[in-house]
Amino acid sequence: MTKLGRSFYCQKTNVVAQALLGKILVRKTEKGTLKGRIVEVESYLGKKDQAAHVRSGRTKRTQVLFQKAGLVYLYLCYGLYWQFNIKTTKEKPECVLIRAIEPLQGIKLMKKNRLRESTLTADSLSKHNLTNGPGKWCQSFKINKDLYGCDLVNSDKIWIEDQPSLLDSEIQKASRVGIDYAGDWASKKLRFYIKSNNFVSTA
DNA sequence: CTGATGATGTTCT
DNA sequence: GAACATCATCAGA
């Protein structure tokens, strides 16, 4: 299966967001390889988007969004959880947030990683609870500050493999989560997920 | 099952 | 000092 190249990420943000659904995210660690299917994403559309971090201009945190498409934009949310985004388009500071993933390979290792970083016990940790949220799957996939600004096109630690596109009828559009402060932008349909998939964070 | 609440630290005002 | 692209836990129905 081929790795997605630069031109894929250079497309318009909403195009990349929907095209990412169904693709395979691959993460290599010293302990083994993890794979998962992307099932839920959100678009963040630059300065005009009242929910995007770049609404207040270029800062230390958002500098990677002013660089190449295909780079990883990571940041710590509520002091506790990492959020994984991909820079899109050639020129604009826009990105796609990966919100949820369906575990495919390395499930044992995902459990180990997530147990270490959360307060959960092995008893209360089901396969379902490994990756069905942006903070959760980052724990399972061992995503942390080391990957800030990482290039998905060249890296041997993390990349995305191509898969056949989904039909329009398989993609559900919805408003984004956790951004009630964003005025008119809070209700825009910029969240996309695979219909009737068990691993989306909220339907 | 539902809804409310606290944890926690980086960033921006 | 306030705000914040979340999650686990607890109380109540």
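Given the structure is predicted, the values throughout are model-derived calculations rather than measurements.

Here is what the cut-offs are and how they apply
- Residues numbered from 1 in each chain as written.
- Chains lettered and ligands numbered in written order.
- Predicted model: local features only at pLDDT ≥ 70, side-chain atom pairs only at ≥ 80, totals over all residues.
- Heavy atoms only, no water.
- Helix = DSSP H or I, 4+ residues; strand = E, 2+ residues; numbered from the N terminus.
- Rg over C-alpha atoms; globule rule 2.2 N^0.38 Å.
- Buried < 20%, exposed > 50% of the residue type's maximum accessible area, 1.4 Å probe, protein only.
- Contact = heavy atoms within 4.5 Å.
- Areas by Shrake-Rupley, 256 points an atom, 1.4 Å probe, with all protein chains shown as cover.
- Core = buried A, V, L, I, M, F, W, Y, C linked by side-chain atoms within 4.5 Å.
- Phe/Tyr/Trp six-rings, centres within 6.5 Å; stacked < 30°, edge-to-face > 60°.
- Lys NZ or Arg CZ within 6 Å of the ring centre and 35° of its normal.

**Brief notes about the overall build of chain A**
Part 1 of the reasoning: Check the secondary structure of chain A and you find four helices and eight strands.
Part 2 of the reasoning: From first element to last, N terminus to C terminus, chain A shows the α and β order α-α-β-β-β-β-β-α-α-β-β-β.
Part 3 of the reasoning: A globule of 203 residues ought to have a C-alpha radius of gyration of about 17 Å, and chain A, at 16 Å, matches this closely.
Part 4 of the reasoning: Summarising its shape, the C-alpha atoms of chain A cover approximately 45 × 40 × 35 Å along the three principal directions.
Part 5 of the reasoning: By residue count, 53% of the 203 residues in chain A fall in the buried class.
Part 6 of the reasoning: A separation of at least 24 residues holds for 64% of the contacts in chain A among residues at least 6 apart in sequence.
Part 7 of the reasoning: Entry remark: accessible area of chain A is about 9,900 Å², with carbon and sulfur atoms responsible for 50%.

**Topic: the nonpolar core**
Part 1 of the reasoning: Grouped together as the largest cluster of nonpolar side chains are 44 residues, with contacts concentrated most on Leu20 and Phe84.
Part 2 of the reasoning: Apart from the residues within four sequence positions on either side, Leu20 is in contact with Leu4, Phe8, Ile38, Ile86, Val96, Ile98 and Ile160.

**A closer look at the environment of Thr88**
Part 1 of the reasoning: Its place among the elements puts Thr88 in strand S4 (residues 81-88).
Part 2 of the reasoning: Between the C-alpha atom of Thr88 and that of Ile194, which follows or precedes it by 106 residues, the distance is 21 Å.

**Section: the packing of aromatic side chains**
Part 1 of the reasoning: One pass over the structure, following the stated rule, counts four aromatic pairs.
Part 2 of the reasoning: Taking 5.3 Å as the distance between ring centres and 90° as the angle between the ring planes, the aromatic pair formed by Phe8 and Tyr9 counts as edge-to-face. Summarising the burial analysis for this pair, Phe8 and Tyr9 share the class buried.
Part 3 of the reasoning: The interplanar angle of 15° and the centroid separation of 6.3 Å between the aromatic rings of Tyr73 and Tyr75 together place this pair among those described as stacked.
Part 4 of the reasoning: You can call Tyr73 buried: its relative accessible area is 2%.
Part 5 of the reasoning: A connected cluster of aromatic rings, assembled from ring pairs, spans Phe84, Trp137 and Phe141.
Part 6 of the reasoning: Sitting over the ring of Trp159, Lys3 keeps its end group 5.0 Å from the ring centre.
Part 7 of the reasoning: Stacked on the ring of Tyr44, the Lys or Arg Arg176 has its end atom at 4.6 Å from the ring centre.

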